[in-house]
Structures are given as C-alpha cells and as structure tokens.
Amino acid sequence: MAVCFSRGSWLYSPPTGAGPRPFFVTAMIELRNVTKIYPNGVRALNNVSLSIPAGDFVFLVGPSGAGKSTFLRILFREEIPTEGQVVVDGKDIVRMPEGRVPYLRRNLGIVLQDFQLLKRRTVAENVAFGLRVIGAAENVINARVQETLEQVGLSHKRRMFPDELSGGEQQRVCIARAVVNNPLILITDEPTGNLDPMISLEIVQLFLEINARGTTVIMATHNHHLVNKLRKRVIALVEGRIIKDEPGGTYAYE
Amino acid sequence: MGFDNLVFFASEALTNLRRAGVMTFVTVSTIAVALLLMGTFLLASMNMESFLARLQEEAMVTAFLVPGTASDRVSALKMQITAFDEVTEVTVVTPEAAARELFTDPADQKLLQVGLGEGTNPLPYTIRMKVRSSHDLQALVDKLKALPQVESVSYGEEAFRQFQGLSHLLWIGSLLVIVLLGLASLFIVYNTVRLTLFMRREEVIIMRLVGATNWFIRWPFVIEGFLHGLLGAAVAVVVLAVGTPFIMARLAALVPFFAFDPGAVALVKLSVKLCLMGVVLGVSGSLLCLRDLNAFGREM
C-alpha cells in the first residue's frame, strides 16, 4: 500500500535530486484492477494491477497497441481509467479534482518520443520553461537550468535553438526540461525511438544517473538491446494485460 | 500573480502580438471599425438628446386661464407661479394683448370688432413662462394643471413628442448596432485567439505537461485580448476626436439648429466608454476561446 508523504517546499530546497526516500514509503506507483476502455470500444488496459516502489527503474515493453502509452498517460492523468484505482505518491489520482492535476505533474518528469521542444526558444529557455510555468523565481530558474544542463552535458549549447542540435541533443534537452524540477517519477515513452543505438545508450545512461539520485524511472521501449543489456525490472503488456513482470528481466513478451 | 510571472505573461503576450502580425492587424482593425460605428451612433444619440433638451428649455409654457377670471386673481396667480422653482420668466398676457398678437393685420382687427361687437373679446387671460430646466417641464405642467384657474396648458407638446419618438428610435437603433457590432467583433476576436492558440498548441501542450495551471496558460492570451481591445479603441477614439469637429461643422452648415458641440467632458466620457467596450470585447473573446484547455492533452 502506498503511504502519503510530502517533500515539502522543494522549490526553495537545494536541488539535490529526488533524494533518498523515507523508509516507510513502500510504493511510488500502485495500480489496482485498472481497466481503460476508449469511447470507440477499444480496451487498452484490462484489469492491470501492479506496484512500483520508489527509486525503481522499470522497462515497459510490448507490441504496438499493447496499452503502454495508455498506461503512461494514466500515470500523469491525461487519461482516466474506466475502472480501478491509481495511486501516485500516495494520492488517488483517479479521484483527483481537475484543478489539482497540474500540481501532480510538477512532481513528474515526462519525456515523449517526438522531442516536443519549442523551436523559437533557446535550449536554456526550453529547460527553464518547466520551472517558469510553476512560478519559480528567476534566480532559482537560472541556477537550476545551469545545473541541469551540466547534468545532461549541454551547458555549452544553452544559447542554441533546437533546430541547431542533433536528435540526441534535442532529446537530452527534453530530459533536462523533465528533470529540472527534480521530479519524483520520470515517465518516458519511447525516448530512443528516433535515435541510433549509440545515442540511445547515452540517453539511457542519463536515465540511470537520474534514477541513481532517487527518481523512479518508467520507460516504455521497443529497444530490446537496451532492455537486455541493463537487466532492470521488465513489465510486458500484451492486449492490455500484464503477461510478465520480472526483476532483472529481458525483452520478451511472447 | 508574482512580478516575475506578470513580466513573463506580458512579454509572452507582446511576442504573440508581434508574431501574429496580420491577425493582430485584422483584429485590431475590426474592433476599431466596430467601436467607431458604435461611437458615431452614441454621438448621434447624444446630439439628439441635447437637441431635445434645448427644445424643452427654450419652449414657452402657456397657461390659459378660465375665461372671466378677474384681473386681481390673475395677479395673485402670477405671484403664485413666479414662486415655483421650475419657472424663470413669468409674463401675463391680457385678452387685449392676445387679440393684438392674434390679429396683427388691422383689417382682421376690424373684422373681429364687426363680428363680435365693440368691447367683446373672447380670449382669456394667459400666463407665459420659461422652464428652468428641461427635466422640470413635466412637473411644471402638472402643477399648472392642478390650479383651478388654469383651463389648459400648452408647451408645443406635439412637436416635442415627435422628436422624443425619434430620439427613442435612435437609441434603440444605437443599442441594436452596438449589440450586433459587439457580437461580430467578439466572433472575430474569438477566431483570432483560436488561431493563435492553434499556432501555439505545442507550447500549450508542453505547459500542461510540466504542470502549468490553466490560468497560467490563459493569462498571456487574456493580456493579448486586452491589448487588441485597447488598441482598437485607441484607433476609434483618435478617429472620432479628429472627425467629430469636422462632421459637426458640416452639420452646422446644413442643419444649423441640430448641430451641437458635445464638449470635451462628454467626448472624454465617450472615449472611456469605448475603451471599456474594447477591453471587454477583447478579453471576453479570449476567455470564451480558452474555456476548455483540457482538450489540448488529447493531441499528445
């Protein structure tokens, strides 16, 4: 069972990553009998139950249309399950009022396959965006942006525009924007889908570093090389059902 | 809203206005034309009001006394009427003077004497007065009618009623024009904001992803709508300020009794009204468009 706790005023605390979790927190994410049926009748998730402890690194695998994206979208309340309960950081996010959703998302970092950067803004402005929209003070924004860009190895390109960067660099900017507010959970949907194997490895390396600071990472992927190489927990979804949930697993869902 | 946020919203709104150059121009022009027309109608109504007020103020109220009222009673009545607050000048017209006024031609006078006989005059005593303010007219007429010696009261009510009817018609017309133009401009502002929102949908999606509240997303658009309205109103006010004296001079040459100078205070009041209308139009157009931001997440 998830236990509710608060990280307090993270904005004004030194940015030291998600940090160590209190010993009494047993699960960061918990799904209980979650089913999602879209208005067109497609059953994207079918009675899914699972628990992901704080600080875990999880690969979500499965064929296209298996329900991976729906699963992730439910975690940041972009979709609401038709049935079941979803608890994130101790909060029942299915019953959460619409007005609280932005505050839930401030504790989540989200990275999607298409890079979703603002082309008219510089790298630094793109990363700062994640802090600006939550009303952080200018000095806090400057310090955190610098630190996060150093973390992803792009501080020297802070004044460049997204179009001047390679695909891997653009994705690193997205990751920087996702982690700049020091999230509890990093949710990534096919983040290496458009990248070559070498760059993909670099991106995952970055996720491992973020995970090592205490952030729970959930990564939906089709990249079996990465999954087999890292041997982290693997959850396989097929037709909306969990068919495998294996610590130190490999890429397999047949 | 903190100062940093305010600066961010304002700079976002200004950047937006600049980027959406043609659309900004179209919206501001539409609001300007609508407000200009509204302003013109309001001015015409003000003109009519002022004309009616002058008509009432300059109208001479005449009280016809009961025939055969003794002259000492007439003097007492004159004193009584002079004491009314609504009245400025009071004069008594004797039946003889009235007859002289009525039959100015000596031939007519002779004919009268022949017809009615020497020394007979059917005309009653009349008391004429000027009303202090057009607002007091009705009260004065009522007071006069209540006096037992007064048989009837005349103040050119037929012409006045006709003008008043015309004035009402103009007000209704102005109101209709204001409502229709308001709706048309609202529709255009709404569509412009929709287009800018569409142009910036990626930004809105990202804002929602990183935890921006709906109001944080709305503010730059609301400021943009506010600026659209204010700029449009400013253009309309400038055109009206330059155009009004010119049109009034032309009108004075054509219909001298109808033209008027609204005065600086009335023009300032009108300008403030137009600016308020512009801002309300701009902001409500934006808000109308930004009702449901949650739909943006479906595009992710």
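Our subject in this report is the structure included herewith. Remember, it's a predicted structure, so these values are computed and weren't measured experimentally.

1. Some points on the overall build of chain B
- What chain B contains, in helices and strands, is 10 helices and 4 strands.
- The linear arrangement of helices and strands in chain B, starting from the amino end, is α-α-β-α-β-α-α-β-α-β-α-α-α-α.
- The proportion of buried residues among the 300 residues of chain B is 41%.
- A sequence separation of at least 24 residues applies to 87% of the contacts in chain B between residues at least 6 apart.

2. Side note on the packing of helix α8 (residues 201–209) of chain B against helix α9 (residues 214–254) of chain B
Residues and elements named next belong to chain B.
- Between α8 and α9, whose axes approach to 9 Å, the crossing angle comes to 150°. Overall, the two elements α8 and α9 adopt an arrangement that is roughly antiparallel. Between α8 and α9 lies a crossing whose hand is right-handed. Facing α8, whose interface residues are Val 204, Met 207 and Arg 208, α9 presents Asn 214, Phe 216 and Ile 217.
- For the contact of α8 with α9, a count of residues per class yields 4 nonpolar, 1 polar and 1 charged.

3. Points about the pairing of strand β8 (residues 216–220) of chain A
Residues and elements named next belong to chain A.
- Of all 5 residues that make up β8, 5 are buried, and the element is covered over most of its length.
- Neither face of β8 is left uncovered, since the one carrying Thr 216, Ile 218 and Ala 220 and the one carrying Val 217 and Met 219 both have all their residues buried.
- Here strand β3 (residues 57–61) runs beside β8; their pairing, made up of 4 bridges, is parallel. Across the sheet, Val 58 pairs through a bridge with Ile 218, a residue of β8.
- As defined by bridge partners, strand β7 (residues 185–189) adjoins β8 across 5 bridges and the pair is classed as parallel. If you follow Ile 187 over to β8, its bridge partner there is Ile 218.
- Assessed by its sense of winding, the connection that carries the chain from β7 through helix α6 (residues 197–212) to β8 is right-handed.

4. Let's talk about the environment of B:Thr244
- Relative to the elements of secondary structure, B:Thr244 occurs in helix α9.
- Remark: the alpha-carbon pair of B:Thr244 and B:Leu267, spanning 23 residues in sequence, is separated by 9.4 Å.

5. Concerning the sheet that holds strand β2 (residues 87–93) of chain B
Residue and element names in this part refer to chain B.
- The 4 strands are arranged β2-β3-β1-β4 in an open sheet whose pairing can be described as antiparallel. The open sheet has two edge strands with one neighbour each: β2 and β4 (150–154). The sheet shows a mean angle of 20° between the axes of neighbouring strands, direction not considered.
- Examined bridge by bridge, β2 and strand β3 (residues 126–131) share 5 bridges and lie antiparallel to one another. Counted as the bridge partner of Val 92 is Ile 127 from β3.
- In this fold helix α3 (residues 71–82) packs onto β1 (60–65), β2, β3 and β4, with an angle of close to 170° to the strand it touches most, β2.

6. Brief notes about the pattern of salt bridges
Residue and element names in this part refer to chain A.
- Within the structure shown, the criterion is met by 17 salt bridges over all chains.
- Between Arg 233 and Asp 56 there is a salt bridge, with its nearest N and O atoms 3.2 Å apart. In this pair, Arg 233 sits in strand β9 (residues 233–238) while Asp 56 sits in the loop between β2 (43–52) and β3, placing the two residues 177 residues apart along the sequence. Taken individually, Arg 233 and Asp 56 each receive the classification buried, so the pair is uniform in this respect.
- Residue Glu 169 pairs with Lys 157 through a salt bridge whose shortest N-O separation is 2.5 Å.

7. Details of helix α1 (residues 68–75) of chain A
- Of all 8 residues making up α1(A), 7 are buried, and the element is well covered by its neighbours.
- Following α1(A) by one or two positions, A:Arg77 has its phi on the positive side, about 60°.

8. Description of the interface of chain A and chain B
- With 24 residues of chain A in contact, the opposing surface of chain B contributes 21 residues.
- Summing both sides of the interface, chain A and chain B together bury roughly 2100 Å²; the carbon and sulfur share of this comes to 55%.
- For B:Glu203, the salt bridge identified is with A:Arg121, shortest N-O distance 2.7 Å.
- Run the count over chain A and chain B and you get 4 residue pairs in polar contact (both at pLDDT 80 or more).
- For the side of chain A that touches chain B, the secondary structure elements donating two or more residues are α2 (101–105) and α3 (123–132) of chain A.
- A breakdown of the residues in the side of chain A that touches chain B according to their chemical character gives 11 nonpolar, 3 polar and 10 charged.

9. Here we look at the sheet that holds strand β6 (residues 108–111) of chain A
All names here are of chain A.
- Spatially, the 6 strands line up as an open sheet ordered β6-β7-β8-β3-β9-β10, and their pairing is mixed. Two strands close off the open sheet at either side, each with one partner strand: β6 and β10 (241–246). Sheet twist, expressed as the average angle between the axes of neighbouring strands with direction ignored, equals 15°.
- Along the sheet face, α6 touches β3, β7 and β8 and points at about 155° away from the line of β8.

10. Some thoughts on the packing of helix α7 (residues 157–199) of chain B against α9(B)
Residue and element names in this part refer to chain B.
- Running from amino to carboxyl end, α7 crosses α9 at an angle of 140°, the nearest separation of the two axes being 11 Å. Classified by the interaxial angle, the pair formed by α7 and α9 is oblique. For the crossing formed where α7 meets α9, the hand is right-handed. Each of Thr 192, Val 193, Thr 196 and Leu 197 in α7 lies in contact with α9, whose residues at this interface are Phe 221, Glu 224 and His 228.
- Looking at the contact of α7 with α9 residue by residue, the class counts come to 3 nonpolar, 3 polar and 1 charged.

11. Things to note about the packing of aromatic side chains
Residues and elements named next belong to chain B.
- On inspection of all chains with the given rule, the structure shows 2 aromatic pairs over all chains.
- Here the aromatic rings of Trp 215 and Trp 219 are separated by 5.9 Å at their centres, their planes lie at 50°, and the arrangement is tilted. Highlighted residues: Trp 215 and Trp 219, both in helix α9, separated by 4 residues, approximately one helical turn.
- Directly above the aromatic system of Phe 198 lies the positively charged group of Arg 201, at a separation of 4.2 Å from the ring centroid.

What counts, and where the lines are drawn
- Along every chain, residues carry numbers that run from 1 in the direction the sequence is written.
- Numbering of ligands from 1 and lettering of chains from A proceed in the order in which they are written.
- For this predicted model, a pLDDT threshold of at least 70 governs which residues receive local features, and a threshold of 80 or more governs which side-chain atom pairs are given and counted, while totals over whole chains, interfaces and linings are taken from all residues.
- Processing note: side-chain calculations cover all non-hydrogen atoms of the structure and skip hydrogens and water entirely.
- Note on conventions: DSSP H or I runs of at least 4 residues are helices, E runs of at least 2 residues are strands, and numbering of each starts at the N terminus.
- With a 1.4 Å probe rolled over the protein chains alone, any residue whose accessible area is under 20% of its type maximum counts as buried; one over 50% counts as exposed, and the rest are partly exposed.
- For this analysis, residues touch if any pair of their heavy atoms sits within 4.5 Å.
- Lines fitted to the C-alpha atoms define the axes, with helices restricted to the stretch that makes contact. Angles between their N-to-C directions range from 0 to 180 degrees.
- Roughly parallel refers to an angle under 35 degrees, roughly antiparallel to one over 145, roughly perpendicular to one between 65 and 115, and oblique to any angle outside these ranges.
- Left-handed describes a crossing in which the near helix is turned anticlockwise from the far one by less than a right angle; the clockwise case is right-handed.
- Note on residue classes: Ala, Val, Leu, Ile, Met, Phe, Trp, Tyr, Cys and Pro are nonpolar, Asp, Glu, Lys and Arg are charged, and everything else, Gly too, is polar.
- Only when DSSP finds a minimum of two bridges between them are two strands counted as paired.
- Handedness rule for crossovers: strands pointing away from the viewer, path from the first strand over the helix to the second running clockwise, crossover right-handed.
- Every case where a carboxyl oxygen of Asp or Glu lies within 4 Å of a side-chain nitrogen of Lys or Arg is listed as a salt bridge.
- Each of two parts loses accessible area, computed with a 1.4 Å probe, when they are put together; buried area is these two losses added.
- Between N or O atoms, a polar contact is any pair within 3.5 Å; within protein, one atom must be a potential hydrogen donor and the other a potential acceptor, and residues adjacent in sequence are included only when both atoms are from side chains.
- Aromatic pairs are defined between Phe, Tyr and Trp rings, using the six-membered ring for Trp, whenever the two ring centres lie within 6.5 Å; interplanar angles under 30 degrees are classed as stacked, those over 60 as edge-to-face, and all others as tilted.
- Only when the NZ of Lys or the CZ of Arg is both within 6 Å of the ring centre and within 35 degrees of the ring normal is a charge said to sit over the ring.

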